[in-house]
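# Structure assessment
This is what each chain is made of:
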Amino acid sequence: MKKLPQISEAEFEVMKIIWKYAPISTNEVTEKLTKTTNWSPKTIQTMLKRLVTKKALTYQKESRVFVYTPLVQEAEYIRQESNSFLKRFYNGNIISMVSSYLEDEKLSDTELDTLRHLLSTRQD
C-alpha cells in the first residue's frame, strides 16, 4: 500500500466535499463548507492550497476558476487511517478493539446483528 499524505481533521472535512462533488470549484467548496463550519473563505482557500501541496488534490484552471479533483481515493485514505487507528490504540489487534466496544456497550443490537452477518458470510 502506498503512503498517503497526512491530512488534518479540518483538511479531511474539505476532502469529504471534494470526494463527494468532484470536480468542484473553489467557490462551490467554499459555499458548501461555510454552511457547515464557521471557516472564512480565506481559511478554506488555504486548506485547498495545503491539500494541493500535499498531493491530495489536483486542480485545473478553467478561465478564472480553479476546479479541484482528488488524487487520493476516499476508500484508500479511510483504509489507511483505520489501520493507523487500530495500530495506535489497540496495537493492531482488532479483537481488542471490538472487545472494548462490546464491554462499553457501544454497539447497538442492529450493529451486532450486522457484525454477526458479516462474520458468518465472510469468504476465505
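So, here's what we can say about the structure. This structure is a prediction, so every number in the text was calculated from the model and none was measured.

Okay, the pairing of strand β3 (residues 65–70) next. Here 2 bridges tie strand β1 (residues 24–25) to β3, and the two strands are oriented antiparallel to one another. The residue bridging serine 25 from the neighbouring strand is valine 67, located in β3. Pairing analysis gives 6 bridges linking strand β2 (residues 57–62) to β3, with the strands arranged antiparallel. Considered in β3, the bridge of glutamate 62 is made with valine 65. Linking β2 to β3, which pair antiparallel, is a turn of 2 residues; within it serine 63 sits at a positive phi near 55°.

Quick look at the pattern of salt bridges now. When charged atoms on two side chains of opposite charge get close, those side chains can pair. Evaluated as defined, the whole model comprises 5 salt bridges. The partner of aspartate 113 in a salt bridge is arginine 116, and the shortest N-O contact between them spans 2.9 Å. Separated by 3 residues within a single helix, aspartate 113 and arginine 116 lie in helix α6 (residues 109–121), roughly one turn from each other. The exposure class assigned to arginine 116 is exposed, which follows from its relative accessible area of 52%. The network of salt bridges with common partners includes Glu11, Arg50 and Lys54.

Let us look at the sheet that holds β2. Read from one edge of the open sheet, 3 strands run β1-β3-β2, paired in antiparallel fashion. If you trace the sheet from one side to the other, it starts and ends with β1 and β2, each paired once. The sheet contacts of helix α1 (residues 9–21) involve β1, β2 and β3, and relative to β3 the element is tilted by about 90°.

For helix α2 (residues 26–36), every residue scored as buried is listed here: Thr26, Val29, Thr30 and Leu33. Buried residues of α2, seen end-on, are gathered within an arc of 95° and therefore sit on one face of the element. In this structure, α2 carries Asn27 and Lys35 as exposed residues pointing more than 90 degrees from its buried face. The secondary structure elements touched by the buried residues of α2 are α1, β1, α3 (41–53) and β3.

Before going further, it helps to spend a moment on α3. In this model, α3 (13 residues) spans 18 Å end to end at C-alpha, consistent with the 18 Å of a helix rising 1.5 Å per residue. Residues of α3 that are buried: Ile44, Met47, Leu48 and Leu51. All buried residues of α3 lie within an arc of 100° about the axis, which places them on one face of the element. Residues of α3 that are exposed and angled more than 90 degrees away from the buried face: Lys42, Lys49 and Thr53. Contacts from the buried residues of α3 go to α1, α2, β2 and β3. Looking one or two residues beyond α3, the residue adopting positive phi is lysine 55, at roughly 65°.

Cut-offs applied
- For every chain, the first residue of its written sequence is number 1, and the numbers climb from 1 along that sequence.
- At least 70 in pLDDT is required for a residue's local features to be given in this predicted model, at least 80 for side-chain atom pairs to be given and counted, and no such filter applies to totals for whole chains, interfaces and linings, which use all residues.
- Processing note: side-chain calculations cover all non-hydrogen atoms of the structure and skip hydrogens and water entirely.
- Paired strands, in this sense, are two strands between which DSSP finds at least two bridges.
- Numbering of helices and strands runs from the N terminus; a helix is a DSSP stretch of H or I covering at least four residues, while a strand is a stretch of E covering at least two.
- The salt bridge criterion pairs a side-chain nitrogen of Lys or Arg with a carboxyl oxygen of Asp or Glu, the two atoms within 4 Å.
- For the exposure calls, accessible area comes from a 1.4 Å probe over protein chains only, and a residue counts as buried if that area is under 20% of its type's maximum, exposed if over 50%, partly exposed in between.
- The contact rule is simple, with two residues in contact once any of their heavy atoms fall within 4.5 Å.
- The convention used is that axes are lines fitted to C-alpha atoms, helices contributing only their stretch in contact, and that angles between N-to-C directions extend from 0 to 180 degrees.
- Arc, as used here, means the arc of the directions from the helix axis to the C-beta atoms.
- What a helix should span is 1.5 Å times the count of its residues minus one.

Any functional reading would require information that these geometric values do not contain.
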